[in-house]
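As a plain string of letters, each chain reads:
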Amino acid sequence: MKIFQVLDVENLNAAEPEAGIRQFELKGKPTRIKCDLAIIGGGTGAVAAAITACNSGLDVCLVEETSWLGGQMTAQGVSALDENYLVETTGSTRTYQQLREDIRNHYRSLGGKDGGARFEPHIDPGNCWVSRLAFEPKVAIKVISKMLQPFIDSGRLRIFLRSAAVELKLKDRKIRTVRCVDVDSGKFFDLNCLFCIDATELGDLFPLAGMKFRSGAESRAETGEAHAPETANPDNVQDFTYPFVVEFRDGQSHKIPKPPHYDQFRAAGQFSFLGYRMFENSSKQTSRGETLELLPFWEYRRLIARTNFPSDVFPFDIAMINWESHDLRGENIVVPDLSLRAKRLALGKNLSLGFLYWLQNEVERDDGGRGYPELKLRPDILGTADGLSKYPYIRECRRIIPLKTVVESDLTAADNKGARAKSCSDSLGIGLYPIDIHGRQDVPGVGQSTKPFQIPASCLVQEEVRNLLPAAKNIGVTHITNGAYRLHPIEWAIGEAVGFYAAEVLRRKTDIVRCYRNKNALRQIQRRLLEFGAPIIWFDDLSPEDEAFVSAQWVSLLAFMPLAQEHLHFRPDDFLARKEFAFAISKLLRFKDSAELWSKSDNGQAEDAALTQADLAKLSNKALIPEKLRQQLFDLFGESTFSSDVRCITRRNFAIWLASQLKQS
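Residues numbered from 1 in each chain as written. Predicted model: local features only at pLDDT ≥ 70, side-chain atom pairs only at ≥ 80, totals over all residues. Heavy atoms only, no water.

## What about the overall build of the protein chain?
Okay, step 1: When helices and strands are tallied, the protein chain shows 17 helices and 21 strands.
Okay, step 2: Relative to a compact globule of 665 residues, whose C-alpha radius of gyration would be 26 Å, the protein chain shows 27 Å and is just as compact.
Okay, step 3: Each principal axis of the C-alpha atoms in the protein chain carries an extent, and together these give about 90 × 65 × 55 Å.
Okay, step 4: Taking all 665 residues of the protein chain together, the buried fraction comes to 60%.
Okay, step 5: When contacts within the protein chain are restricted to residue pairs at least 6 apart in sequence, long-range pairs at least 24 apart make up 72% of them.
Okay, step 6: In the structure as shown, the protein chain presents an accessible area of about 26500 Å², 48% of it carried by carbon and sulfur atoms. (Helix = DSSP H or I, 4+ residues; strand = E, 2+ residues; numbered from the N terminus. Rg over C-alpha atoms; globule rule 2.2 N^0.38 Å. Buried < 20%, exposed > 50% of the residue type's maximum accessible area, 1.4 Å probe, protein only. Contact = heavy atoms within 4.5 Å. Areas by Shrake-Rupley, 256 points an atom, 1.4 Å probe, with all protein chains shown as cover.)

Structure (structure tokens):
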């Protein structure tokens, strides 16, 4: 007989936090469920992993401790997405773009203010200024359910909500069983799995598996990072926050009671607008003497702008509040002590309610006076009794010790002078976000801009448990670089990658380390990602829908068409330059030197000049290119406004042809 304890975070009452610690006694044998893949955690990365794993033919069980899938965009209340400026086209995966488009379609179906679908293509229901897309969490849940339903209907996917993993059984360095409990019924079930993905918000499986892991800030000696502290501090984990949603009801009063600890928080200077105003623009002087324009606080993460819709659909503006004033700092919840964790979560809840109380009673009004009693808490939007998110917004958790850790110099603009961050040939995805640290910054200046970066497979693979991959903020980054990898589209991309990775490991009947070290296996995972519409190299002019997307990514990954250093363009419609052709063909034919393609008399022509049909004819006479390839290349020239001897090949057509040759070789 065993007894297990679980902290029911979703139903945690701030007045009695320790009552949220549930105790379950295992009597008899749990229900046994066989599956290929167990995904523990139901956040953003988990949903994406389930999609790619099911698409790969795996039988998947997904276990989530709250009642909502979607993690930070739903249960954690951050439904104003933190993204990059290319997210609509080339800066995210096809399925992530599909998710966003389906959310928009929901709001298009509601009609515009004038009764018609007057929205522009990239509508933002909230017209917020922090994001390109803000929405009610329930809409994302609806869309996620639609995306997963075909796999549920086919029997590929089984979902267990309000359930938590409590024990792991390992054999030969692999997880064989994940024991779970339904926190509502108290019933246990065992997932007998071949592979496991940790998509939990805190990296819950690592201690259950007896793994080594990192938490908080590493030392400079450990990572070599310029902004790491001299001494490691595992407790210096980024702040967590309980978002809440309010609407503005002009002329009404909806004040909440003063919450516990309010006076202490206020006395400590916790609550501030940081120079912003509620509904008006303002400005402040920077340390450099520059004037910084500040947009209205109300529009920061506004989910619904009533002016976008008919008045009977949304009579009031609705805003999600996620602000520095209710980030709980210095109270690490990545701790094994459930009682301590519960108390700190309760403190976080009281801080958020305290910020609402301050907004309703004490903030300086734009029109004079104090407080906005017109702010009405909307518990229904987040599906909770207290009006706070079901789960706190988690910015940092336990992290694996990977084959290779992503460090500060891999990402930052200061350390990477080209258009992109440090390149990696084992890339399984892309991301872009500044290093954004909510919490104590040990060394000033740690918050920095980054260049468009990749997600290396080496930061997803650890050596201790050979059938476990991370799919959240628990990947092999540092405390510093976590600040750039922790956002919505990046976590989604990580999930897609590990779903395909798990499938390849099982197909080859190997483990995650051997799979990584097998070049063909890794290339197969990369190929699957590209064919699924997931970029692994940054371009700003080739979306996943482009006919040359897979080919251009592939030939660039294999360095047959090297990346430009000064920009993110692939330039698909530009003509192929002579030097580009010479480099690619020489590498394809394994020439020692691309100069072999040209005679001395050709060297006078500019290398950057477009390759013409006449150029190729000269090469044909030299018989340096095999007949079969020569004819295929001639076929690429097609129609041209020029005379036949100066027809040119576009980079798009050449990339498609070159990729086909590489696939055959």
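Still more ground to cover, so stick around.
## Some points on the pairing of strand β13 (residues 291-294)
A regular strand carries its side chains on alternate faces of the sheet.
Okay, step 1: As defined by bridge partners, strand β12 (residues 282-285) adjoins β13 across four bridges and the pair is classed as antiparallel. Looking at the pairing, S283 lines up with E293 of β13.
Okay, step 2: As consecutive antiparallel partners, β12 and β13 are separated by five residues, and within that stretch G289 has a phi angle of approximately 85°, a positive value. (Pairing = 2+ DSSP bridges.)

## Points about the packing of aromatic side chains
Okay, step 1: Scanning all chains against the criterion turns up 31 aromatic pairs.
Okay, step 2: Cation over ring: K587 sits above F560, and NZ or CZ is 4.8 Å from the ring centre.
Okay, step 3: One residue, R651, lies across the ring of F570, its end atom 4.5 Å from the ring centre. (Phe/Tyr/Trp six-rings, centres within 6.5 Å; stacked < 30°, edge-to-face > 60°. Lys NZ or Arg CZ within 6 Å of the ring centre and 35° of its normal.)

## Things to note about the pairing of strand β19 (residues 427-431)
Okay, step 1: With five of five residues buried, β19 is to be regarded as a mostly interior element.
Okay, step 2: Bridge analysis of β19 against strand β20 (residues 453-456) gives three bridges, and the strand direction is antiparallel. By the bridge assignment, G431 is partnered in β20 with F453.

## Brief notes about the pattern of salt bridges
Okay, step 1: Summed over the entire model, instances satisfying the criterion amount to 55 salt bridges.
Okay, step 2: Notably, a salt bridge pairs E491 with K473, separated by 3.1 Å at the nearest N-O pair. Of this pair, E491 sits in helix α10 (residues 488-508) while K473 sits in the loop between β21 (468-470) and α9 (482-485); the two residues are 18 residues apart in sequence, bridging distant segments of the chain. Exposure class is identical for E491 and K473. Each is buried.
Okay, step 3: A salt bridge links R508 to E504, with the nearest nitrogen and oxygen atoms 2.5 Å apart. Taken as a pair, R508 and E504 lie in helix α10 at a separation of four residues, close to a single helical turn.
Okay, step 4: Taking relative accessible area as the criterion, E504 reaches 5% and is therefore assigned buried.
Okay, step 5: Through salt bridges that share partners, D8, E10, R22, R162, D184 and K390 make up one connected network. (Salt bridge = Lys/Arg side-chain N within 4 Å of Asp/Glu carboxyl O.)

## Things to note about empty space enclosed by the protein
Rolled over the atoms, a probe sized like a water molecule indicates the empty space that remains.
Okay, step 1: As enumerated under the stated definition, the model contains six cavities of 30 Å³ or more in all.
Okay, step 2: The space that makes up the largest cavity amounts to roughly 70 Å³.
Okay, step 3: V237, Q238, D239, F240 and I333 are, among the 14 residues lining the largest cavity, the residues nearest its centre.
Okay, step 4: Among the residues making up the lining of the largest cavity, the classes are represented as six nonpolar, three polar and five charged. (1 Å grid on protein atoms, 1.4 Å probe; cavity = no way out; pocket = protein on both sides within 12 Å on 5 of 7 lines; lining within 4 Å. Points joined across faces, edges and corners; volume = space filled by probe spheres on them. Nonpolar A, V, L, I, M, F, W, Y, C, P; charged D, E, K, R; others polar.)

## Points about the environment of G203
Okay, step 1: Within the secondary structure, G203 sits in the loop between β8 (188-198) and α4 (205-208).
Okay, step 2: If sequence neighbours within four positions are ignored, G203 has contacts with D198, C397, R398 and N474.

## Quick word on helix α2 (residues 94-108)
Okay, step 1: In this model α2 runs 20 Å from its N-terminal to its C-terminal C-alpha over 15 residues, within 8% of the 21 Å that 1.5 Å per residue would give.
Okay, step 2: Next to the buried residues of α2 lie α3 (137-153), β14 (302-304) and α10. (Expected span 1.5 Å × (residues − 1).)

## Comments concerning the side chain of T241
Okay, step 1: Within the secondary structure layout, T241 lies in strand β10 (residues 240-241).
Okay, step 2: Only 2.5 Å separates the side chain of T241 from the side chain of D327, close enough to count as a polar contact.
Okay, step 3: Within the structure, T241 has its side chain in polar contact with the side chain of R395 (distance 3.0 Å). (Polar contact = N/O pair within 3.5 Å; in protein donor to acceptor, adjacent residues only side chain to side chain.)

## Remarks on the packing of α2 against α10
Between two packed helices, what matters for the description is the angle formed by their axes and the separation of those axes.
Okay, step 1: The contact between α2 and α10 brings their axes to 9 Å, and the two run at 130°. Classified by the angle between their axes, α2 and α10 sit oblique to one another. Crossing geometry of α2 relative to α10 is assigned as right-handed. The residues of α10 that touch α2, namely those facing T95, Y96 and L99, are H488, P489, W492 and E496.
Okay, step 2: Split by residue class, the contact of α2 with α10 holds four nonpolar, two polar and one charged. (Axes fitted to C-alpha atoms, helices over the stretch in contact; angles between N-to-C directions. Parallel < 35°, antiparallel > 145°, perpendicular 65-115°, else oblique. Left-handed = near helix turned anticlockwise from the far one by under 90°.)

## Comments concerning the sheet that holds strand β15 (residues 318-321)
Okay, step 1: Pairing is antiparallel across the open sheet formed by four strands, whose spatial order is β14-β15-β11-β17. With partners counted over all chains shown, the strands left at the sheet margins are β14 and β17 (375-377), one partner each. Neighbour-to-neighbour, the strand axes of this sheet turn through a mean angle of 35°, independent of strand direction.
Okay, step 2: With two bridges joining them, β14 and β15 adopt antiparallel strand pairing. The residue bridging R302 from the neighbouring strand is A319, located in β15.
Okay, step 3: Against the sheet, helix α7 (residues 338-361) touches β11 (244-248), β15 and β17, its axis set at about 15° to β11.

## Here's the deal with the packing of helix α16 (residues 627-635) against helix α17 (residues 651-664)
Okay, step 1: Look at α16 against α17: their axes get within 10 Å of each other, and the N-to-C directions meet at 155°. Here α16 is positioned roughly antiparallel relative to α17, judged by the angle of their axes. For the crossing formed where α16 meets α17, the hand is right-handed. Residues L629, Q632 and L633 of α16 form the contact with α17, whose own contacting residues are F654, W657 and Q661.
Okay, step 2: Its residues placed into classes, the contact of α16 with α17 shows four nonpolar, two polar and no charged.

## Quick look at the state of the cysteines
Okay, step 1: By the definition in use, this model includes zero disulfides.
Okay, step 2: Of all cysteine sulfurs, the one in C196 lies closest to C180, which takes part in no disulfide; the gap is 8.6 Å.
Okay, step 3: Taking relative accessible area as the criterion, C180 reaches 0% and is therefore assigned buried. (Disulfide = S-S within 2.5 Å.)

## Details of the environment of P17
Okay, step 1: If you trace the backbone, P17 turns up in the loop between β1 (2-7) and β2 (21-26).
Okay, step 2: Separated by 542 residues in the primary sequence, P17 and A559 have C-alpha atoms spaced 56 Å apart.
Okay, step 3: Excluding residues within four positions of it along the chain, P17 makes contact with L12, A342, K343 and A346.

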